[in-house]
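Summary of structural features
Here are the chains, one letter per residue:
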Amino acid sequence: MRAVVYKDVNSVAVEQVDDPRIEAPTDVLVRITTTAICGSDLHMYEGRTVAETGIVFGHENMGIVEEVGSGVSRIRKGDRVSLPFNVACGFCRNCLAQKTAFCLTVNPPYAGGAYGYVGMGPYTGGQAEYLRVPFADFNCLVLPPGDEHENDFAMLADIFPTGYHATVLADLNPGETIVVFGAGPVGLMAAYSAMLKGASKVFVVDKVPGRLQLAESIGAIPVDFSAGDPVEQVVDQTDGMGADKGVDAVGYQATAAEGEEQPAVVLNQLVDAVRHTGRLGVVGLYLPQDPGAPDENAANGRLLFNVGRFFEKGQKMGTGQADAKAYNAQLRDLIIAGRATPSFVVSKEVPLDEAPDAYARFDRREEGYSKVVLKP
Ligand code: NAD
Ligand code: ZN
């Protein structure tokens, strides 16, 4: 089959690789109909999370079940399914506690597995024609048949649940205000989830004009951090108090307005832009190792986070890999009911063969390449 293969820093290619096959009776094989490129793929693409040459990327997958292992009971050939990016067993302690992003079975001795991601287990990615899905009864979310809402459902594998998870980590309640750093697809999904949950004001901080416009299009207040201190802009519009809640949807590759990388800038600005006793939800990625970090501490995941200020403000913080499975069924039902259309972030649909060009443009944050979906 054809698949997007990592070659080297800033280089992917569409190549022939071995077809996946049923390896365990609990597997199914899915023919991919839509798969997406994620900001998380860019960390590997840029060599900022070291991936082995030859790995197939892709953890935002959906498609049609083609083959079913003998131990699968719920999922049938022909089912249209979304695959949460977290590969999970369903029976370990963490899965039973609905923390499937930290499954203890699928990637020992680590907690948590994913498709097509370095350090997340042996699961080949889905930017390809076919995908093997382990523990299929647990990992498949069944969708209505047909091809309606295809790009909306494609957002269910990762970014819609991840954005929603950010609002859960931040404990957002109806009527509250929230500031979201990052207007990439994840930040936009966090802002969108905040609107769905009835936030009274949603601020979205970024500097890419097209992305800020998307934020405005869903009723959020765009904050351009290249036009002035984002903390001041938020504090000024929240009676001098700061927002009730905050989300980091940027992560360790955060930059200053001039473009220079400052890995802790968003965390520190969040502390300042959120009020005393507010909560922060951090879904932007932070890693224990970063070969391209600006200094030696950051290279080992140690950032200059302003703990003193965080303590003084009595804030709380939730972090970590999001759990797509915890929310994907409810979010699917919002889409079916016509109450949510997360595909508003999808800015380009390209054939799988054009993935290398799409990666390069998305990496440059080129206008119109906010969220790219690939069609095998
Ligand atoms: P993206 O790279 O498209 O978006 C990041 C955005 O942050 C960009 O628009 C950039 O301009 C902006 N940005 C950079 N510095 C900033 C600053 N100082 N202030 C405000 N905005 C700034 O990526 P994405 O797909 O939206 O993903 C965002 C992050 O979420 C990435 O780190 C990704 O790895 C992570 N992620 C985490 C999970 C999870 O489970 N926790 C899942 C998916 C993605
Ligand atoms: Zn992703």
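Residues numbered from 1 in each chain as written. Chains lettered and ligands numbered in written order. Predicted model: local features only at pLDDT ≥ 70, side-chain atom pairs only at ≥ 80, totals over all residues.

1. Structural notes on the pairing of strand 11 (residues 201-206)
- For strand 11, the tally of buried residues reaches five of six residues, placing the bulk of the element in the interior.
- In this region the chain leaves strand 10 (residues 177-181), passes through helix 6 (residues 185-196) and returns to the parallel neighbour strand 11; the handedness of that crossover is right-handed.
- Relative to strand 12 (residues 221-224), strand 11 runs parallel, the two sharing four bridges. The residue bridging Asp-206 from the neighbouring strand is Asp-224, located in strand 12.
- Of the crossover connections in this fold, the one passing from strand 11 over helix 7 (residues 209-217) to the parallel strand 12 is right-handed. (Buried ≥ 20, exposed ≤ 12 C-beta atoms within 10 Å, placed from the backbone. Helix = DSSP H or I, 4+ residues; strand = E, 2+ residues; numbered from the N terminus. Right-handed = clockwise from strand over helix to strand, strands pointing away. Pairing = 2+ DSSP bridges.)

2. Section: helix 12 (residues 324-336)
- For helix 12, built from 13 residues, the straight-helix expectation of 18 Å at 1.5 Å per residue is met to within 8% by its first-to-last C-alpha distance of 18 Å.
- Within helix 12 the residues assigned to the buried category are Ala-324, Lys-325, Tyr-327, Asn-328, Leu-331, Arg-332 and Ile-335.
- Once helix 12 ends, the next one or two residues include Gly-338, with phi positive near 80°. (Expected span 1.5 Å × (residues − 1).)

3. Remarks on the sheet that holds strand 11
- The sheet built from six strands is open, its strands ordered 12-11-10-13-14-15 with parallel pairing. Bordering the open sheet on either side are strand 12 and strand 15 (316-319), each of which pairs with just one other strand. Shown here is a sheet whose adjacent strand axes are inclined to one another by a mean of 20°, direction ignored.
- Strand direction decides the pairing type here: strand 10 and strand 13 (residues 243-248), joined by four bridges, are parallel. (Axes fitted to C-alpha atoms, helices over the stretch in contact; angles between N-to-C directions.)

4. Describing the packing of helix 5 (residues 159-169) against helix 6
- The contact between helix 5 and helix 6 brings their axes to 7 Å, and the two run at 60°. On the basis of their axis angle, the class for helix 5 and helix 6 is oblique. Note that helix 5 runs across helix 6; the crossing there is right-handed. In this structure, helix 5 uses Ile-159, Phe-160, Thr-162, Gly-163, Tyr-164, Ala-166 and Thr-167 to contact helix 6, whose residues at the interface are Pro-185, Val-186, Met-189, Ala-190, Tyr-192, Ser-193 and Ala-194.
- The class makeup of the residues in the contact of helix 5 with helix 6 is ten nonpolar, four polar and no charged. (Parallel < 35°, antiparallel > 145°, perpendicular 65-115°, else oblique. Left-handed = near helix turned anticlockwise from the far one by under 90°. Contact = placed C-beta atoms within 7 Å. Nonpolar A, V, L, I, M, F, W, Y, C, P; charged D, E, K, R; others polar.)

5. A closer look at the site of ligand 1
- Within the structure, ligand 1 sits among 33 residues, and Gly-39, Gly-184, Val-186, Gly-251 and Ala-322 are positioned closest to it.
- Elements with a contribution of two residues or more to the shell around ligand 1: helix 1 (39-45), helix 6, strand 11 and helix 9 (265-273).
- Ranked by residues supplied to the shell around ligand 1, first place goes to helix 1 with four residues.
- A breakdown of the residues in the shell around ligand 1 according to their chemical character gives 17 nonpolar, eleven polar and five charged.
- When residues of the shell around ligand 1 are sorted by domain, at least three fall in each of domain 1 (2-158 + 324-375) and domain 2 (159-319). (Near = placed C-beta within 6 Å. Domains from an automatic or database assignment.)

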